[in-house]
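What follows is the residue order along each chain.
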Amino acid sequence: MKKISFVFMSCVLVVLLTLTGCSNEDTGGKESGDSSNGSSGSSILSKVIDNKKLVAGVNDELPGFGYIDESGKNVGFDVDFARVLAAGAIGDAEAVEFRPLSAQERFTAVQTGEVDVLIRNTTWTTNRDSEVGLNFAPTTFYDGQGIMVRADSGVESLEDLKGMRIGVDTGTTTELNLADQMRALGIEHDAVVFDGQDAVVAAYESGSIDAWTTDKSGLVARQAVMENPDDHKILEENLSKEPLGPSVKGGDDKWFDAVNWMVFATIQAEEYGITSKNVDEFLESENPEIRRLLGTEGNLGEQLGLPKDFAYQIIKQVGNYGEIFEKNLGAETIFKLDRGLNALHTDGGILYSPPFR
Amino acid sequence: MNNEPQINATSDSSVVGPPKNTVGVGGWLKTNLFSGWANIILTIVSATIISYVVFHTGKFIFLADWTVIESNFRLLMVGQFPLEETWRVWAAVFLISALLGSSWGLWRGVMRHVTLVIAGLMVFSLILPFIQTNTRLILVGNIICIFLFYIIGRKVTKLKIPVLLLWILFIPLVISLFNGFGILPKVNSNIWGGFLLTLLIASVAIVCSFPLGVLLALGRRSKLPVVKWFCIIYIELIRGIPLITILFVFQLMLPLFLGNSIEVSNVLRVMVGFTLFSAAYLAENIRGGLQSIPRGQFEAAHALGLNSTYTMGFIVLPQAIKAVIPACVGQFISIFKDTSLVAIVGLTELLGMGQKVIANPAFLGKNMEVFLFIAFIYFIFCSLMSYVSRRLENTLGAGER
């Protein structure tokens with residue numbers, strides 16, 4: 001009997017200890033979050049600044065935009081924008097806690113406040129802005145859905161795809177976009193649905209489908225690692241508009257404004273030619289616009305509830321928009337993406353920052 | 001084959017050997033693979049298929065570029081666990097080595113096999129080409145640790161209770177170690193990942209669901225209507241819902257129900273979900289065992305004057321559990337494999353880590369290598385579990401009746 005009760009008690013103990021062991025950390029984290037909320041309004045901005053930690057919902061399975069490198073560090077285009085926000089609000093680009101989110105759970109995570117900001121290749125749509133209750137900060141990447149075909153297939157435009165087998169990844173908007181576009185143009189085709197992009201690419205490479213579609217950035221990335229990249233080409237046409245950018249929970253204007261202007265700061269910095277390397281020289285600049293941006297004049301930072309030198313910290317620690325783009329997607333990388341729409345308005349793109357004043 | 005007639009000739013020429021075509025390799029082949037035209041066709045067809053598969057798999061394995069595993073090995077094993085805190089994981093491994101070694105010395109039997117298999121696994125990891133030198137040294141340390149504690153366990157028999165206690169406290173201890181005991185900086189559970197997370201979720205679910213399953217099985221057979229109906233409803237409800245749904249409910253709905261006031265870590269939510277799910281299935285397994293115990297056992301226990309608690313605890317349960325070991329281990333194995341589902345609720349266990357690794361532009365298109373490696377790890381650990389269960393059955397003599 002002694003032995004039985006001993007075993008039983010130990011089992012109970014194990015369960016209890018495991019539960020308490022796991023939950024310890026969270027009660028600690030939560031209390032600090034609460035006290036800060038009480039002391040200075042209820043904006044996420046003050047929570048982020050007080051906790052010295054930004055919780056960013058990211059994708060870590062998307063080449064170029066968010067992934068984990070060999071040393072276990074989160075890197076990528078979206079990830080760098082999370083660092084931009086941390087550098088601006090907290091002054092430390094590394095003060096980010098990355099929360100990998102799946103496509104299904106991303107919106108719930110923002111609504112429940114589990115993440116402070118969602119930077120997970122999320123397309124800005126009417127429905128998401130209104131009913132889902134998000135606020136979309138400026139678009140950081142203008143993407144569009146494209147189609148890849150074999151170079152020798154003679155396909156030049158969407159019309160040529162008549163009767164062909166086109167592969168798509170299931171459960172994404174790409175599937176819907178393809179159907180919409182083809183119906184609008186009245187093109188008969190055979191959509192073949194796969195689970196996961198790897199499966200689509202494998203089928204395309206083995207020749208069982210004639211074409212496949214996903215966002216153009218994804219097509220370019222995949223083309224780069226195909227056996228003979230030159231045997232394939234991406235059609236000029238866009239099947240859809242995919243403006244991707246950071247989004248935050250609706251109804252928190254303070255935080256929304258701060259995120260907006262931190263993103264604008266990277267674009268404005270590129271327009272002025274301020275980079276992470278030469279930003280210190282610009283501190284001496286006589287140009288009043290640059291002085292206001294870098295916080296050497298005026299109090300724009302304070303008006304936003306951010307540190308005075310938020311733009312300086314962003315540029316110094318992460319870089320301007322062009323640097324972030326080049327580092328993750330540009331000519332130096334396997335993607336070799338063209339700036340295209342993502343060039344400054346002065347260079348034929350549509351990136352445009354309102355004035356800092 | 002050629003020697004056979006000679007042997008016969010030299011020993012005793014009057015003894016006639018068995019017909020040539022029934023002995024040796026040729027004989028075996030004839031009786032087992034080519035005994036009739038149907039078998040001949042079957043043999044040829046399956047041999048062709050098998051050699052085709054083996055040839056192409058082998059070709060792939062030898063021609064594939066395994067650097068993706070080499071450079072991401074750490075990630076696959078412990079995820080984003082910070083480099084400077086990895087000693088905590090190693091401390092846990094050392095603790096388990098010491099426990100295994102001493103249990104081997106103290107109890108022999110099954111523990112001997114378990115320990116030897118795990119030591120063998122460590123030796124095997126030693127010869128893998130992509131293991132770093134300091135990892136090799138630590139592994140050697142672990143192997144030495146196992147044998148050292150084996151000797152200690154053999155000499156000092158008093159250690160039985162402390163070792164048992166340590167086994168019971170092992171998982172809570174490891175989790176508190178990762179949390180830093182409140183002294184060291186804690187390693188947040190959201191960066192526990194890779195195989196480490198797979199093992200943690202699986203072992204917590206297995207260890208916690210077993211007692212819960214026993215209680216539910218007993219409750220379902222209880223004469224108290226409230227207890228009985230609670231257990232029936234619980235078991236049937238959980239068994240009627242797919243595991244994925246349970247995980248989604250715990251991951252996404254729980255924060256909505258609890259509001260902002262109570263925050264529970266992702267990992268804990270998943271662990272609780274797995275435990276509750278597995279407990280319902282185990283309860284049914286164990287109930288099967290309970291029903292297989294003949295009435296005579298109850299009556300004999302009563303005749304000896306044991307009350308119902310004693311009867312259950314000493315007579316019925318031990319026999320019942322012994323009878324359902326294979327079914328329970330089957331459930332444990334499936335729980336171990338089901339941990340791969342947490343990848344879809346944003347946790348990065350072994351499979352999730354694999355998916356992240358292949359998203360790295362440097363390794364784009366290397367999915368087959370990564371998935372093969374992951375399948376290999378799953379295979380090793382699942383076979384280990386079923387091996388241990390077979391040994392356990394032998395030791396307890398479950399199959400002998």
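For chain B, the name recorded in an unreviewed UniProt entry is Amino acid ABC transporter permease, with Cytobacillus stercorigallinarum as its organism. According to UniProt, the comment filed for chain B under the heading Sequence similarities (unreviewed entry) is "Belongs to the binding-protein-dependent transport system permease family." If you open the UniProt record of chain B and go to Subcellular location (unreviewed entry), you find "Cell membrane".

As recorded in an unreviewed UniProt entry, chain A goes by the name Amino acid ABC transporter substrate-binding protein, listed as coming from Cytobacillus stercorigallinarum. What UniProt records for chain A under Sequence similarities (unreviewed entry) is the sentence "Belongs to the bacterial solute-binding protein 3 family."

Turning next to the overall build of chain A. Scanning chain A from N- to C-terminus turns up 14 helices and 13 strands. Within the span of chain A, comprising 357 residues, buried residues form 54% of the whole. In chain A, 68% of the contacts between residues at least 6 apart in sequence involve partners at least 24 apart.

Interface size is often expressed as the accessible area that is lost when the parts come together. Residues and elements named next belong to chain B. Taken domain by domain, chain B comprises domain 1 (3-10 + 17-63), domain 2 (71-81 + 188-401) and domain 3 (83-186). Taking only C-alpha atoms into account, the centre of domain 2 sits 23 Å from that of domain 3. Each side of the interface is counted separately: domain 2 has 22 residues, and domain 3 has 19 residues. On inspection of domain 2 and its partner domain 3, the count reaches zero salt bridges. Taken together, the connections running from domain 2 to domain 3 amount to three residue pairs in polar contact (both at pLDDT 80 or more). Where the side of domain 2 that touches domain 3 is concerned, the elements lending two or more residues are α4 (67-78), α9 (194-220) and α17 (367-396). Tallying contributions element by element places α17 first for the side of domain 2 that touches domain 3, with 10 residues. For the side of domain 2 that touches domain 3, the per-class residue count stands at 17 nonpolar, three polar and two charged.

Counting 64 residues, the largest nonpolar core has A:L54, A:F77, A:W255, A:M262 and A:F310 as its most contacted members. Sorting elements by how many residues they give to this core places helix α9 (residues 253-272) of chain A first, with 10 residues. Dropping the residues within four chain positions of it, A:F310 is found in contact with A:G88, A:W261, A:M262, A:A265, A:G301, A:L304 and A:F356. By size, the runner-up hydrophobic cluster in this structure holds 55 residues, among which are B:F178, B:A205, B:L216 and B:I293.

Before going further, it helps to spend a moment on the environment of A:V79. Residue and element names in this part refer to chain A. Within the element layout of this structure, V79 appears in helix α3 (residues 77-89). Each C-alpha atom of the pair V79 and R291 lies 28 Å from the other, and the pair is 212 residues apart in sequence. The contact partners of V79, leaving out residues within four places of it in the chain, are V58, F65, G66, N74 and F98.

Now for the packing of aromatic side chains. Residue and element names in this part refer to chain A. Scanning the model with the defined rule gives 26 aromatic pairs over all chains in all. An angle of 10° between the planes, with centres 5.8 Å apart, marks the rings of W124 and F136 as stacked. Residue W124 is found in the loop between β5 (117-119) and α5 (126-130), and its partner F136 is found in strand β6 (residues 134-136); the two are separated by 12 residues along the sequence. You can call W124 partly exposed: its relative accessible area is 38%. One residue, R150, lies across the ring of Y204, its end atom 4.8 Å from the ring centre. Positioned over the ring face of F325 is R339, at 5.2 Å from the centre of the ring.

Time to look at the pattern of salt bridges. Taken as a whole and assessed by the stated rule, the structure comprises 20 salt bridges over all chains. When the shortest N-O distance is used, the salt bridge between A:R339 and A:E270 registers 2.9 Å. Here A:E270 lies in helix α9 and A:R339 lies in the segment after α14 (321-328), a separation of 69 residues in the sequence. Where A:R291 meets A:E297, a salt bridge forms, and the shortest distance between an N and an O atom there is 3.1 Å. Overall, A:R291 belongs to the partly exposed group, its relative accessible area being 21%. Classification of A:E297 as partly exposed rests on a relative accessible area of 33%. In the salt-bridge network here, residues are joined through shared partners; they are B:R220, B:E236, B:R239, B:E284 and B:R287.

Cut-offs applied
- Residues numbered from 1 in each chain as written.
- Chains lettered and ligands numbered in written order.
- Predicted model: local features only at pLDDT ≥ 70, side-chain atom pairs only at ≥ 80, totals over all residues.
- Heavy atoms only, no water.
- UniProt positions renumbered as here; feature names shortened; annotations may be inferred.
- Helix = DSSP H or I, 4+ residues; strand = E, 2+ residues; numbered from the N terminus.
- Buried < 20%, exposed > 50% of the residue type's maximum accessible area, 1.4 Å probe, protein only.
- Contact = heavy atoms within 4.5 Å.
- Domains from an automatic or database assignment.
- Salt bridge = Lys/Arg side-chain N within 4 Å of Asp/Glu carboxyl O.
- Polar contact = N/O pair within 3.5 Å; in protein donor to acceptor, adjacent residues only side chain to side chain.
- Nonpolar A, V, L, I, M, F, W, Y, C, P; charged D, E, K, R; others polar.
- Core = buried A, V, L, I, M, F, W, Y, C linked by side-chain atoms within 4.5 Å.
- Phe/Tyr/Trp six-rings, centres within 6.5 Å; stacked < 30°, edge-to-face > 60°.
- Lys NZ or Arg CZ within 6 Å of the ring centre and 35° of its normal.

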